[in-house]
Amino acid sequence: MSLVPYVLALADDALVSAQRTAWWISRAPELEEDLALANIGLDQLGQARSLLSYAGAVEGAGRTEDDLAYLRDDRDFRNVWLVERPQTDFGVTMARLLVFSSWQCELYAALASCGDPTVSAIAAKAVKEVAYHRDHARLWTLRLGDGTEESHQRMQAALDAEWPYVEELFEPVDGALVDPASLRTAVLDRVQSVVQDATLAVPTTAPVVGGGRRGLHTEHLGHLLADMQHLHRSHPGVTW
Amino acid sequence: MPEVTFDQLLADDGRVEPRDEMPDAYRRTLIRQIAQHAHSEIIGMQPEGNWISRAPSLRRKAILMAKVQDEAGHGLYLYAAAETLGVDRADLLDQLHTGRQKYSSIFNYPTLSWADVGAIGWLVDGAAIVNQVPLCRCSYGPYARAMVRVCKEESFHQRQGFEILHTLAHGSPAQHAMAQDAVDRYWWPSLMMFGPPDDDSPNSARSMAWGIKRFSNDELRQRFVDMTVPQAEVLGLTLPDPELRWDEERGHYAFGTVDFSELQEVIAGNGPCNRDRMAHRVGAHEDGAWVRDAATAYALKQAARTEGAA
Ligand SMILES: [Fe+2]
Ligand SMILES: [Fe+2]
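Each chain has its residues counted from 1, following the order in which its sequence is written. The lettering of chains begins at A and the numbering of ligands begins at 1, in the order of writing. The predicted origin of the model limits local features to residues at a pLDDT of at least 70 and limits the giving and counting of side-chain atom pairs to 80 or more, whereas totals for whole chains, interfaces and linings rest on all residues. With hydrogens and water stripped out, all remaining heavy atoms of the structure feed into the side-chain values.

**A closer look at the overall build of chain A**
Secondary structure elements are defined from DSSP: runs of H or I of at least 4 residues count as helices, runs of E of at least 2 residues count as strands, and each element is numbered from the N terminus. Helix and strand counts for chain A stand at nine helices and zero strands. For chain A, the sequential pattern of α-helices and β-strands runs α-α-α-α-α-α-α-α-α. Accessibility here uses a 1.4 Å probe with only protein chains present; expressed as a share of the type maximum, an area under 20% marks a residue as buried, one over 50% as exposed, and anything in between as partly exposed. Per-residue burial for chain A yields a buried fraction of 58% across its 240 residues. Put simply, of all contacts in chain A between residues at least 6 apart along the chain, 80% involve residues at least 24 apart. About 9,100 Å² of surface is accessible on chain A, with carbon and sulfur atoms providing 52% of the total. His is not counted, nor are the chain ends; Lys and Arg add positive charge and Asp and Glu add negative charge. Taken as the charge location is NZ of Lys, CZ of Arg, CG of Asp or CD of Glu. For chain A, the centre of its 20 positive side-chain charges and the centre of its 34 negative side-chain charges are spaced 2 Å apart. Contact between two residues is taken to exist if any of their heavy atoms lie within 4.5 Å; hydrogens are not considered. Computed by Shrake-Rupley with a 1.4 Å probe, the accessible areas treat only the displayed protein chains as cover when residues are assessed.

In structure tokens form, the structure reads like this:
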């Protein structure tokens, strides 16, 4: 089984997240948060670049990180739905980051000792980054959940809105180096304990029928890619 | 005799520190200048932030995100420097949001193409460096020290901007045209960044006497032109000024007349993007109010819990 689809899936999760996170730069609730979210976005982008380059190398068809990022259509992207929907509410961003970074932490920790030396090296570096993301999201979940009446309600609504997209993280992926289902208990335990510490309720919303790992996406991904890819595609073959 | 001490410090080219006595007018001038500088850093995040989502390669995207992040950091150092003078950041932001304090007029021009990101790095960060290097010797210690850190990063930004334009100017014909168009639009507004001409700059003399300003607006503008013209030649791009030529006698480049009426219009709020920039900034601030309130409420609860436990 080729490694390519799996490495691309993880790369696309990181790339699409970075694209969404970067939206916050100049729009955060305070200046310190502009810096923090820029850091997080840069980490995610760095992970995406390493993984895309490696996917291109394993594939052996000469595709670079930019070829893979800019010249694939949405049906060829393999990211989960969790990361691709717009996030213009700070509570939603933190709820999503809490889930996503908790999952990435478990995932990268497991991949750090997987059989593929390149993936293992990328994961060993990334796990430190995402541990910081998880802590950042944890602290904001506590502040928002246990802050004001309004913030409590908004954070609960944000969690409820993100929850249907959690299960997709644990669905099987072709060529997986770590069985996604094996991460489920650790990720959910971690998220639930933060949610409870924040005086919030663990949502009971049912999972949606997703399909990101098979290239079936929400309508939002096409817009994200149109924005991200148009300039690169308007000037084929040039150097930037 | 505190006034004597202050004058003596200035005479000795020493640094005034937050606890030192200083004339009220000196304090007010610095607060206004540092706040305006801080506001410029954070408003300046917008025109370049406009291209983060569309950056044409992942490498350029990462560099641009890091650059805009640096500008946020500059804003932070500068607000902190202003706070040493007895004001607080929330009040200064309020003055920005209500239009009582200004930011650099250059950020009221739009970024219409990717090349504008290069032009801003090369010209706008370049002009900022020329303005700010002398501020590293400003008489007010915290401002001078903030400027040392800021200038290091600005010169990095300037090189990155130059590199973007160099790549475009030596790329396809469409890329070259994009680069030339950006330089055509950003050249004159960059010259305006040095402020009105010397004979129309009422507060300059006092700022010079106080060691806040070291060179006049026109001197700095000339320095910028002298520095930039040879770089434009390396880029293979033309600066949009038919009067630009080397003046052998003066040992400087001669250049055309800056349209200061345009600068006045932009400062008065009628530039191409004034309304968009303010709406973006005020919108982000208002949308974030519930988050800041929650953080404050949570911190108070935590403090009460710690006290209750003790
Ligand atoms: Fe700056
Ligand atoms: Fe800069």
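**What about the overall build of chain B?**
Helix and strand counts for chain B come out as 13 helices and two strands. Atoms counted for the radius of gyration: C-alpha only. Globule rule: 2.2 Å times the number of residues to the power 0.38. The C-alpha radius of gyration of chain B comes to 21 Å, within 12% of the 19 Å expected for a compact globule of 310 residues. A principal-axis box enclosing the C-alpha atoms of chain B has dimensions of 70 × 50 × 30 Å. For chain B, with 310 residues in total, the buried portion stands at 55%. In chain B, the proportion of contacts linking residues at least 24 apart, taken out of those at least 6 apart, comes to 77%. As displayed, chain B has an accessible area near 13,500 Å², and 54% of this comes from carbon and sulfur atoms. Of note, chain B has its 32 positive side-chain charges centred 6 Å away from the centre of its 43 negative side-chain charges.

**A look at the coordination of the iron ion (ligand 1)**
For a metal with four tetrahedral donors the ideal donor-metal-donor angle is 109.5 degrees, whereas six octahedral donors ideally subtend 90 or 180 degrees. Residues and elements named next belong to chain B. Each protein donor to the iron ion (ligand 1) is listed here as E41 (OE), E71 (OE), H74 (ND1) and E154 (OE); together their distances run 2.0 to 2.2 Å. Think of the donor list as every N, O and S atom within 2.8 Å of the metal, or within 3.2 Å for Na, K and Ca; water never makes the list, so a site can look incomplete. By the criteria applied here, four donors are tetrahedral when all angles lie between 85 and 135 degrees, four are square planar and six octahedral when opposite donors are over 155 degrees apart and every other angle lies between 65 and 115, and any other arrangement is irregular. If you look at the iron ion (ligand 1), its four donor atoms make angles of 88 to 138 degrees with each other, and the shape they trace is irregular. Donor residues for the iron ion (ligand 1), ordered by position in the chain, follow E-x29-E-x2-H-x79-E. Between the iron ion (ligand 1) and the iron ion (ligand 2), both coordinated by E71, there is a metal-metal distance of 3.5 Å. With E71 in helix 4 (residues 58–83) and E154 in helix 7 (residues 141–169), this residue pair connects regions lying 83 residues apart in the sequence. E154 shares its class with E71; the two are buried.

**What to know about the interface of chain A and chain B**
Counting from both sides, the interface comprises 46 residues of chain A and, opposite them, 45 residues of chain B. Of the roughly 4,000 Å² buried where chain A meets chain B, counting both sides, 67% is carbon and sulfur surface. Here a polar contact means two N or O atoms within 3.5 Å. Within protein one must be a hydrogen donor candidate and the other an acceptor candidate, and residues neighboring in sequence count only if both atoms are side-chain atoms. Counting the contacts that link chain A with chain B gives 17 residue pairs in polar contact (both at pLDDT 80 or more). Of all elements in the fold, only helix 1 (4–22), helix 2 (31–59), helix 3 (65–70), helix 5 (90–111), helix 6 (117–145), helix 7 (149–162) and helix 9 (219–234) of chain A reach the threshold of two or more residues within the side of chain A that touches chain B. The quantity reported as buried area is the accessible area (1.4 Å probe) lost by two parts once they are put together, taken as the sum for both.

**Observations regarding empty space enclosed by the protein**
To locate leftover empty space, one rolls a probe as large as a water molecule over the atoms. All names here are of chain A. A pocket here means an open set of points on a 1 Å grid, computed over the protein atoms alone, that has protein on both sides within 12 Å along at least five of seven lines. A cavity is instead a set of points where a 1.4 Å probe fits but cannot get out; residues with an atom within 4 Å of a point line either one. Grid points are joined across faces, edges and corners, and a volume is the space filled by probe spheres set on the points. Under the definition given, this model contains four cavities of 30 Å³ or more. What the largest cavity holds in volume is close to 100 Å³. Residue lining of the largest cavity: S17, R20, T21, L37, Q44, V83, Q87, T93, R96, L97 and F100, and that is the complete set. Elements supplying a minimum of two residues to the lining of the largest cavity: helix 1, helix 2 and helix 5. Top element by residues in the lining of the largest cavity is helix 5. It accounts for four residues.

**With respect to the nonpolar core**
Among the nonpolar cores identified, the biggest contains 170 residues, and L111 of chain A together with W114 and Y140 of chain B are the most heavily contacted of them. Counting residues per element, this core draws most heavily on helix 5 of chain A, which supplies 13 residues. Apart from residues no more than four positions distant in its own chain, L111 of chain A is found in contact with Y6, L10, V119, S120, A123, L177 and V178 of chain A. What we call a nonpolar core is a set of buried Ala, Val, Leu, Ile, Met, Phe, Trp, Tyr and Cys residues that are connected through their side-chain atoms within 4.5 Å.

**A closer look at the coordination of the iron ion (ligand 2)**
Residues and elements named next belong to chain B. Looking at the metal site, the iron ion (ligand 2) is ligated by E71 (OE), D125 (OD), E154 (OE) and H157 (ND1), spaced 1.9 to 2.3 Å from it. Coordination geometry of the iron ion (ligand 2): the four donor atoms subtend angles of 84 to 148 degrees at the metal centre, consistent with an arrangement described as irregular. Sequence positions of the residues that donate to the iron ion (ligand 2) give the spacing E-x53-D-x28-E-x2-H.

**Looking at unusual backbone geometry**
Positioned with a positive phi, S26 of chain A is a non-glycine residue whose angle comes to about 90 degrees. Looking at where S26 of chain A falls in the secondary structure, it is placed in the loop between helix 1 and helix 2. Using a relative accessible area of 8% as the deciding quantity, one classes S26 of chain A as buried. Residues other than glycine seldom take positive phi values, yet D13 of chain B does so here, at roughly 60 degrees. Residue placement: D13 of chain B occurs in the loop between helix 1 (2–11) and helix 2 (24–43).

**A word on the packing of aromatic side chains**
Each pair of aromatic rings taken from Phe, Tyr and Trp, with Trp reduced to its six-membered ring, is defined by centres within 6.5 Å and is described as stacked if the planes are under 30 degrees apart, edge-to-face if over 60, and tilted in the remaining cases. One pass over the full model with this rule turns up ten aromatic pairs over all chains. Relative to Y253 of chain B, the ring of W246 of chain B has its centre 4.9 Å away and its plane inclined at 75 degrees; by these criteria the two rings are edge-to-face. The partly exposed category is assigned to W246 of chain B, whose relative accessible area is 43%. Three or more aromatic residues joined by ring pairs form one cluster here, namely W23, W24, F90 and W140 of chain A. A ring is considered to have a charge above it if a Lys NZ or an Arg CZ atom is located within 6 Å of its centre and within 35 degrees of its normal. R54 of chain B extends its terminal NZ or CZ atom over the ring of W51 of chain B, reaching a point 3.6 Å from the ring centre.

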